[in-house]
Amino acid sequence: MALPTIDDGISGQSANRAATPSTIDQISSLPNEDKTAIIQELKAEIIRLKEEVEKQNKAEKALCLSEDKFYKAFHHNQTMMAIIRFRDDIYIDVNSSYAEVLGYSREEMIGRSVLELGVWVDLKERQDVNKKLLDNGYARNCEFKFRRKSGEISSLVATANLLNVDGEKCILASLVDITVQKNAEEALRKSKELFYTIFNVNPIPMFIMSLKNWTIIEANEATLNYYGSTRDELIGARTVDVNFWVDPGEREKFVEAVTNEGFFNNKEVRFFTKSGEIKTVLLSGVAITWNNEKCYIAIHHNITELRRYQNEMARLDRLNLVGEMSAGIGHEIRNPMTTVRGFLQLLKEKDRYSQDKVYMDIMLEELDRTNSIITEFLSMAKDKAVELRKQSLNQKVRTIFPLLNAEAIKQDKNIDIELGDIPYIVIDRNEIKQLIHNLVRNGLEAMSPGGLLTIKTFKDDDGVVLAVQDQGSGIAPEILERIGTPFFTTKDNGTGLGLAVCYSIAQRNNAQIDIKTGSKGTTFYVRFNTSNQ
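All of the points below concern the structure found in this document. (Residues numbered from 1 in each chain as written. Predicted model: local features only at pLDDT ≥ 70, side-chain atom pairs only at ≥ 80, totals over all residues. Heavy atoms only, no water.)

This part takes up the pattern of salt bridges. Opposite charge on two side chains allows them to pair when their charged atoms are near. Counted according to the given criterion, the structure contains 23 salt bridges. R112 is the salt-bridge partner of E116, the closest N and O atoms lying 3.2 Å from each other. Among the ionic pairs, K124 bridges to D128, the shortest N-O distance being 3.5 Å. Note that K124 and D128 are positioned in helix 7 (residues 123-136) at a spacing of four residues, about one turn of the helix. For D128, a relative accessible area of 36% gives the class partly exposed. Through salt bridges with shared partners, a single network forms among R85, R87, D88 and E168. (Salt bridge = Lys/Arg side-chain N within 4 Å of Asp/Glu carboxyl O. Helix = DSSP H or I, 4+ residues; strand = E, 2+ residues; numbered from the N terminus. Buried < 20%, exposed > 50% of the residue type's maximum accessible area, 1.4 Å probe, protein only.)

As structure tokens, then:
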């Protein structure tokens, strides 16, 4: 007799409860051994069913707990979250953060389409996100713009995943409102753009240096033009590497002030240009933070011309004073000197003074030297008569060239002339010859044997220029400031009147003298103003 299985009994019980007594009757009629086996099997099945029920209860509890966690994570999250049906963009659910950022209530959004609410500003961005979802099942860090209920535009960054909800393909989206960040970035961008515009188009030279290693990290066009350098030459270099500072002591004061006080205001310093020309500037600046690095922005106003004009005025005042003095006392000194010289010559011829002839010759030489100084002194007289008429400057250079060349040959030096096509100018013939002679003599004395001195004439925007260029070692800055001052000289036997006379001659001949000096030599430019001729 086949024993009924538990499954048969259970299925029979579930199918027809009336069959239960007959099943029990069948079991009752079985031998004891079979009854025991069936009872053991029933116990095992009961235990299995109990375990399955417990598992199911645990699963249900876990599901409830998971749903509760999801609900809390979804609805209490500060991040904007939404579940959207993929096929028609209907909002299945949104959390409070999502609704609040877009200016809606949850009830206004759930059940309505994204397109109906007009949330997307750019539908192409929506298409791009959907394509990523279809291709990958997710979209990461997608940045786009949403329109709020008020019409304002918000910038958002979203991460979305494609999932099934009750058999429907849906989008679970997490979004972060980055409008404030974007506005700040835009404001920063505009601020940087404004700074760069002001910095780069500013006619005043400006550059930014790192306070860490004192390298130049940015320079505007005015700086490049001012120093005659390219961007590649300046950016990344230190000011000491490009030989900016004329006086290293000024740099030390600058570094000390910036380091200790954080600023440097209107300090007069001198800088070298790339060509070796010295510029006087008012240097100002302040410590700033630039690209997360402590830096210093430097602004310098070129006051070279201002100082030149001031020095020129001071020099002219001194020349005028000397000129007035020379007119008043020059002749009074020369007259008694002439008498002394005459008597010395008479005494020199007498036999009783024959043993003193050497001393007398020395006295006569010194008197002649004194007389030459007085002659130069008188040439600075303010009211000295000049004969100004229109004539050829080139011709004056050619006339005096043989004399100058002979003097150069004696010193084992050379002179070259480069005469341009220039118009006649109004000048005093003799004074211009003296001017040329004095400048050439100074240039020859500044050079070593074998050096070349060049005399040039050419036209520029302001008139006609006479240039005397030597190949000496240049003029030191502290000496350059005093050039042209009466009685200032660096020569052992100099009078200090040669260049002072040149400046006086230039003034009387409607000209000005400019100097360009460097390690490779010095050039004196005599610029004749022809605008009123």
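By the definition in use, this model includes two cavities of 30 Å³ or more. Size it by volume and the largest cavity reaches roughly 210 Å³. Taken together, 19 residues make up the lining of the largest cavity; nearest its centre are I84, W120, V129, I171 and A173. Those elements that provide at least two residues to the lining of the largest cavity are helix 7, strand 3 (138-147), strand 4 (153-165) and strand 5 (168-177). (1 Å grid on protein atoms, 1.4 Å probe; cavity = no way out; pocket = protein on both sides within 12 Å on 5 of 7 lines; lining within 4 Å. Points joined across faces, edges and corners; volume = space filled by probe spheres on them.)

Time to look at the nonpolar core. By size, the foremost hydrophobic cluster in this structure holds 34 residues, and its most contacted members are L393, V440 and F528. Elements with a contribution of two residues or more to this core: helix 14 (393-410), strand 13 (425-428), helix 15 (429-446), strand 14 (452-460), strand 15 (463-469), helix 17 (498-508), strand 16 (511-518) and strand 17 (521-529). Excluding anything up to four places from it in sequence, V440 contacts L404, I415, L453, I455 and V468. By size, the runner-up hydrophobic cluster in this structure holds 28 residues, among which are F86, A99, W120 and A139. (Core = buried A, V, L, I, M, F, W, Y, C linked by side-chain atoms within 4.5 Å. Contact = heavy atoms within 4.5 Å.)

Attention now goes to helix 11 (residues 248-261). Each turn of an α-helix holds 3.6 residues, which means side chains three or four residues apart point in the same direction. Taking 1.5 Å as the rise per residue, helix 11 with 14 residues should run 20 Å; its terminal C-alpha atoms sit 20 Å apart, in good agreement. Within helix 11, the full set of buried residues consists of E250, R251, F254, V255, A257 and V258. Seen end-on, helix 11 carries its buried residues on one side only, within an arc spanning 165°. Exposed side chains of helix 11 directed beyond 90 degrees from the buried face belong to P248, E252, K253, T259 and N260. Considering only its buried residues, helix 11 is in contact with strand 6 (206-210), strand 8 (263-272), strand 9 (278-290) and strand 10 (293-302). Between the side-chain oxygen of the N-cap and the backbone nitrogen of G249 there are 2.9 Å, and the N-cap of helix 11 in question is D247. (Expected span 1.5 Å × (residues − 1). Arc of directions from axis to C-beta. Polar contact = N/O pair within 3.5 Å; in protein donor to acceptor, adjacent residues only side chain to side chain.)

Before going further, it helps to examine the sheet that holds strand 16. In spatial order, the strands read 12-14-15-17-16; together these five strands make up an open sheet with mixed pairing. One side of each edge strand has no neighbouring strand; the edge strands of this open sheet are strand 12 (414-419) and strand 16. Strand-to-strand twist across the sheet, computed as the mean angle between neighbouring axes with direction ignored, equals 15°. Relative to strand 17, strand 15 runs antiparallel, the two sharing seven bridges. In the strand pairing of strand 17, V464 is matched with F528. Against the sheet, helix 14 contacts strand 12, strand 14, strand 15 and strand 17, and its axis sits at roughly 170° relative to strand 12. The strands that helix 17 touches are strand 16 and strand 17; relative to strand 16, the one it contacts most, it runs at about 135°. (Pairing = 2+ DSSP bridges. Axes fitted to C-alpha atoms, helices over the stretch in contact; angles between N-to-C directions.)

Their axes nearest at 10 Å, the elements helix 14 and helix 15 cross at an angle of 40°. Taken together, the axis directions place helix 14 and helix 15 in an arrangement best described as oblique. Between helix 14 and helix 15 the crossing geometry is right-handed. In this structure, helix 14 contributes L393, K396, V397, T399, I400, L403, L404, E407 and A408 to the contact, and helix 15 contributes R429, I432, K433, I436, H437, V440, R441 and L444. (Parallel < 35°, antiparallel > 145°, perpendicular 65-115°, else oblique. Left-handed = near helix turned anticlockwise from the far one by under 90°.)

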